[in-house]
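So you can see what is in the structure, the chains are spelled out below.
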Amino acid sequence: MKLSKAWRLGMKDMQQMLPTHRHRSQIKGPTWIIVLISMVCVFLVVAYIYPPQTSSACYIFSVSSCETFSSWLPPSVRVLSDDEVASDVVISSILNTPPMVSKNPKIAFMFLSVGSLPFEKLWDKFFQGHEGRFSIYIHASRDKPVHTSRHFFNREIRSGKVEWGTISMVDAEKRLLANALKDLDNQHFVLLSDSCVPLRDFDYVYNYLMYTNLSFIDSFSDPGPHGSGRYSEHMLPEVEKKFFRKGAQWFTMKRQHAVIVMADSLYYAKFRDYCRPGMEGSRNCYADEHFLPTFFHMHDPNGIANWSVTHVDWSEHKWHPKTYEKKDISEQLIKNITSISESIHVTSEDKKETMIDPCLWNGMNRPCYLFARKFLPETLDSMIDLFENYTTKP
């Protein structure tokens, strides 16, 4: 009993004798915590400034832990290469320069064909009486065209071989643009195929294209195998997957946009080298469907309409659009096409998501289409017979 009491007293005496030890223990814990937190902060800052280049840098973490860790960090800003800086400066300067004012503004109609134009007589009726308000350029990749209309005589440019789905399609488009840009009065540029027909009269087309600041370039996001599934990481760092777009090649383009297409070499080279049939095994990429839609989505997304004014019917869900035969031609067919006021895009995923957007012209919902394809040569006479009726009715 005395021993127990003595022991308790001894403990009290010791606690009173050692007040400084108790005080140190209270400070020691928080101090080390602060030091530890400081070390972790330094580690995070260093990891952010000098991110790991290989998986071995994540030695103390599992792969999933490294991914989670990196997701905590704010996105780093990529330093642009010299070529990107130079390209962006040129493109921005062109877009920010006020458009050239012409006393006689014209539309350049650029025909991409293999030889003669089967609908030349129909186009002759379309152009008749509007001389001085249009220019014509023909890229004939195989045979020298035989002409039936005076408007088309001697309008061929130096042409090169064109293979479907390859960068040679884009090369042909650029040849047409380059030649059309020589005429300073050309203010808008229309790309057409040899199977295209006009759906409206010349005045309607002229006013539709000239009195808006938009280029009618088709561009939409398709996350499926025939959209972003065609993207190659070899396009990095200049072209990121999130910017990759798809669209029909049949465009109309204002002069500023035509100039930046000709000024660019950096982005064109990415699609020339890494977007072609047979890429990386069985994957196919078609530059004419992706280059311009991606290029303009990156550099002037608000300057394009995101739809084409050339109607193409993909309702048969084949590799090629519906081809119109003589038996298909009627005034009702033309009326049906010209009454469409919404653009429709369908993704290539299994679920095939459909995106429907109004065709806005200067903020107003207007009919979408001025031209249409693919029409067989056998439809020429029927289209000529209908032309006066379907182009004069509102």
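The present account deals with the structure reproduced in this document. (Residues numbered from 1 in each chain as written. Predicted model: local features only at pLDDT ≥ 70, side-chain atom pairs only at ≥ 80, totals over all residues. Heavy atoms only, no water.)

1. Quick look at the overall build of the chain
Alright, step 1. A tally of regular secondary structure across the chain gives 12 helices and 13 strands.
Alright, step 2. For the chain, the residues scored as buried account for 43% of the 394 residues in total.
Alright, step 3. Taking as baseline every contact in the chain between residues at least 6 positions apart, the subset at least 24 positions apart corresponds to 79%. (Helix = DSSP H or I, 4+ residues; strand = E, 2+ residues; numbered from the N terminus. Buried < 20%, exposed > 50% of the residue type's maximum accessible area, 1.4 Å probe, protein only. Contact = heavy atoms within 4.5 Å.)

2. A word on the pairing of strand β9 (residues 342–346)
Looking down a regular strand, the side chains alternate between one sheet face and the other.
Alright, step 1. The alternating pattern of β9 places S343 and H345 on a buried face, while none of E342, I344 and V346, on the opposite face, is buried.
Alright, step 2. As paired elements, β9 and strand β10 (residues 354–358) share five bridges and run antiparallel to each other. Note on β10: the bridge partner recorded for H345 is M355. (Pairing = 2+ DSSP bridges.)

3. A look at the sheet that holds strand β4 (residues 197–198)
Alright, step 1. Taken in spatial order, the three strands make up an open sheet running β4-β13-β8, and their pairing is mixed. With partners counted over all chains shown, the strands left at the sheet margins are β4 and β8 (310–311), one partner each.

4. Let's talk about the state of the cysteines
Alright, step 1. On inspection of all chains with the given rule, the structure shows two disulfides.
Alright, step 2. What pairs with C275 in a disulfide is C285, and their sulfur atoms sit 1.9 Å apart. The chirality of the disulfide connecting C275 with C285 is left-handed, given an S-S dihedral of about -80°. Residue C275 is located in the loop between α9 (266–274) and α10 (287–299), and its partner C285 is located in the loop between α9 and α10; the two are separated by 10 residues in the primary sequence.
Alright, step 3. You can call C285 buried: its relative accessible area is 1%.
Alright, step 4. C359 shares a disulfide with C368; S-S distance 1.8 Å. Looking along the S-S bond of the C359-C368 disulfide, the torsion reads about 95°, which is the right-handed sense. (Disulfide = S-S within 2.5 Å.)

5. Observations regarding the packing of aromatic side chains
Alright, step 1. Throughout the structure, instances matching the rule amount to 29 aromatic pairs.
Alright, step 2. For the ring pair F216 and W307, a centre distance of 5.3 Å and an interplane angle of 65° mean the geometry is edge-to-face. A residue pair is termed long-range when its members are at least 10 positions apart, and F216 in strand β5 (residues 215–218) and W307 in the loop between β7 (304–306) and β8 qualify at 91 residues. For the pair formed by F216 and W307, the shared burial category is buried. (Phe/Tyr/Trp six-rings, centres within 6.5 Å; stacked < 30°, edge-to-face > 60°.)

6. Remarks on helix α6 (residues 167–181)
Alright, step 1. Between the first and last C-alpha of α6 there are 21 Å, a value that for 15 residues agrees with the 21 Å anticipated at 1.5 Å per step.
Alright, step 2. Counting buried positions along α6 yields 11 of 15 residues, so the element is predominantly enclosed.
Alright, step 3. Taken together, the buried positions of α6 are occupied by I167, S168, M169, V170, A172, E173, K174, L176, L177, A180 and L181. (Expected span 1.5 Å × (residues − 1).)

7. Focus: the pairing of β5
Alright, step 1. Every second residue of β5 is oriented toward a common face, with S215 and I217 on one face and F216 and D218 on the other, all of them buried.
Alright, step 2. As paired elements, β5 and β7 share two bridges and run parallel to each other. The partner of D218 across the bridge, within β7, is N306.

8. Observations concerning the packing of α9 against α10
Alright, step 1. The geometry of α9 relative to α10 is characterised by a closest axis approach of 10 Å and an angle of 150° between their N-to-C directions. With respect to each other, α9 and α10 are oriented roughly antiparallel. Crossing of α9 over α10 shows right-handed handedness. Residues Y267, Y268 and F271 of α9 form the contact with α10, whose participating residues are A287, H290, F291, T294, F295, M298 and H299. (Axes fitted to C-alpha atoms, helices over the stretch in contact; angles between N-to-C directions. Parallel < 35°, antiparallel > 145°, perpendicular 65-115°, else oblique. Left-handed = near helix turned anticlockwise from the far one by under 90°.)

9. A look at the packing of helix α4 (residues 82–96) against helix α8 (residues 255–263)
Alright, step 1. Contact geometry for α4 and α8: axes closest at 9 Å, N-to-C directions at 165°. Compared by their axis directions, α4 and α8 come out roughly antiparallel. Two packed elements cross with a definite hand, and for α4 against α8 that hand is right-handed. Across the interface between the two elements, V90, I91, I94 and L95 of α4 pack against Q256, H257, V259, I260 and A263 of α8.
Alright, step 2. Each residue belonging to the contact of α4 with α8 can be placed in one class, and the counts come to seven nonpolar, two polar and no charged. (Nonpolar A, V, L, I, M, F, W, Y, C, P; charged D, E, K, R; others polar.)

10. As for the nonpolar core
Alright, step 1. Formed by 48 residues in total, the largest nonpolar core has its most connected members in F109, F111, W123, F127 and F371.
Alright, step 2. Elements supplying a minimum of two residues to this core: β1 (106–113), α5 (120–127), β2 (134–140), β3 (186–193), α7 (202–210), α11 (331–338), β13 (371–372) and α12 (380–392).
Alright, step 3. In terms of residue count, the dominant contributor to this core is α7 (six residues).
Alright, step 4. Dropping the residues within four chain positions of it, F127 is found in contact with F109, F134, I136, H151, F152 and F202. (Core = buried A, V, L, I, M, F, W, Y, C linked by side-chain atoms within 4.5 Å.)

11. Brief notes about α5
Alright, step 1. Those residues of α5 that sit buried are E120, L122, W123, F126 and F127. Viewed along the axis of α5, the buried residues span an arc of 155°, placing them on a single side of the element.
Alright, step 2. Count one or two residues on from α5 and you reach G129, which has phi positive near 90°. (Arc of directions from axis to C-beta.)

12. Regarding the environment of T212
Alright, step 1. Topologically, T212 is positioned in the loop between α7 and β5.
Alright, step 2. Given the relative accessible area of 10%, T212 is considered buried.
Alright, step 3. The spatial distance from the C-alpha of T212 to the C-alpha of K254 is 9.3 Å, given a sequence separation of 42 residues.
Alright, step 4. Not counting the four nearest positions on each side in its chain, T212 is found in contact with W361 and N362.

13. Let's talk about unusual backbone geometry
Alright, step 1. Note that the residue after L236, namely P237, is joined by a cis bond; omega there is 0°.
Alright, step 2. Within the secondary structure layout, P237 lies in the loop between β5 and β6 (252–254).
Alright, step 3. The omega torsion across R373 and K374 is 0°, close enough to zero to call that bond cis.
Alright, step 4. Relative to the helices and strands, K374 is located in the loop between β13 and α12.
Alright, step 5. In the Ramachandran plot, K352 falls in the positive-phi region, its phi being about 50° despite a non-glycine side chain.
Alright, step 6. Looking at where K352 falls in the secondary structure, it is placed in the loop between β9 and β10.

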